[in-house]
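Summary of structural features
Each chain, written out:
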Amino acid sequence: MGDFFERIVDVEVTDADAGPLAERIVDWMVEDGLITREVSGDGVYSPSTDTGYLPGPNWRRSVADSPDPDPTWLPGPVAVMVGRDYYVGGQGVDEADAATCPRCTARTVIIDYPEEFEPDDEAWQPFAVGIAAWKETGEGNAVCPSCAAQVPVTEWDFGSGFTLGTLAFDFWDWPPLSAGFLAEFAGRLGHRTAEQTGKF
Ligand SMILES: [Zn+2]
């Protein structure tokens, strides 16, 4: 197996609620047999944790269809991340492709695909500084280069591949999660979620 992840990010939970909510989700998944309480670091490359919960006997109930007919095959651990952080889908980048201002809708291009594959460091700098401040203190802004508004980094639209959040779950090397499972998961979080896939 390669090291793929499917990620669910809670983009609304508060700092105070993230820890208790993570525990409730883990309790539910353990009760349903989707994961166990046994922890492993095998194949876990998540941003802020290097361990996850091993799959439980009913893990197949959460996936759309299980392509592997071998009944003994198991996916990797499910990592749970609590704390303000940014999450990147895809592979190996640390920046958003672009940032869209929620006030004036101007789009600042950071990585000018397909001409460029490297970020424009000067364009990204204000966002990097604002995101670092938000991680540290819970507050951070970036000034829009178009309308000059001071906009909190949590309000910018960085596209689906770059998401800020305070609670996230990485399913390592699981077959694609089913729409029904994702809907139930979001319902139990009780918040808006973002999904990402990527490869370590
Ligand atoms: Zn603007």
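Before any of the text, the structure's been laid out above.
Structural notes, computed from the coordinates.

Parameters and conventions
- Residues numbered from 1 in each chain as written.
- Predicted model: local features only at pLDDT ≥ 70, side-chain atom pairs only at ≥ 80, totals over all residues.
- Heavy atoms only, no water.
- Donors = N, O, S within 2.8 Å, 3.2 Å for Na, K, Ca; no water.
- Tetrahedral: all angles 85-135°; square planar, octahedral: opposite > 155°, others 65-115°.
- Buried < 20%, exposed > 50% of the residue type's maximum accessible area, 1.4 Å probe, protein only.
- Phe/Tyr/Trp six-rings, centres within 6.5 Å; stacked < 30°, edge-to-face > 60°.
- Helix = DSSP H or I, 4+ residues; strand = E, 2+ residues; numbered from the N terminus.
- 1 Å grid on protein atoms, 1.4 Å probe; cavity = no way out; pocket = protein on both sides within 12 Å on 5 of 7 lines; lining within 4 Å.
- Points joined across faces, edges and corners; volume = space filled by probe spheres on them.
- Nonpolar A, V, L, I, M, F, W, Y, C, P; charged D, E, K, R; others polar.

Surrounding the zinc ion are the protein donor atoms C101 (SG), C104 (SG), C144 (SG) and C147 (SG), at 2.3 Å. Classification of the site at the zinc ion as tetrahedral follows from its four donor atoms and the range of 105 to 115° in their angles at the metal. Relative accessible area serves as the criterion here: at 27%, C104 is assigned to the partly exposed category.

Here the focus is the packing of aromatic side chains. The tally for this structure, following the rule as stated, stands at 20 aromatic pairs. Between F169 and F185, the ring centres sit 4.9 Å apart and the planes meet at 80°, which makes this aromatic pair edge-to-face. Highlighted residues: F169 in strand β9 (residues 162-172) and F185 in helix α3 (residues 179-189), separated in sequence by 16 residues. Judged on exposure class, the residue F169 and its partner F185 are both buried.

Before going further, it helps to spend a moment on unusual backbone geometry. Y113 connects to P114 through a cis peptide bond whose omega is -5°. The topology assignment puts P114 in the loop between β6 (107-109) and α2 (121-137). We note that T105 has phi near 65°; this positive angle belongs to a residue other than glycine. Tracing the chain through its elements places T105 in the loop between β5 (98-100) and β6. The backbone of D173 shows a phi angle near 65°, a positive value even though the residue is not glycine. With respect to the helices, strands and loops of the structure, D173 is situated in the loop between β9 and α3.

We now examine the layout of surface pockets. Empty space within the largest pocket amounts to approximately 370 Å³. Lining the largest pocket are 20 residues, and of these V11, T154, T163, L164 and R192 lie nearest its centre. Broken down by secondary-structure element, the contributors of at least two residues to the lining of the largest pocket are β9 and β10 (193-199). In terms of residue count, the dominant contributor to the lining of the largest pocket is β9 (five residues). Split into classes, the residues belonging to the lining of the largest pocket amount to nine nonpolar, seven polar and four charged. Forming the boundary of the second largest pocket are 19 residues, of which R7, Y45, P47, V88 and V93 lie nearest the centre. Of all elements in the fold, only β1 (4-10) and β4 (78-88) reach the threshold of two or more residues within the lining of the second largest pocket. No other element matches the four residues that β4 contributes to the lining of the second largest pocket. Considered class by class, the residues forming the lining of the second largest pocket number nine nonpolar, five polar and five charged.

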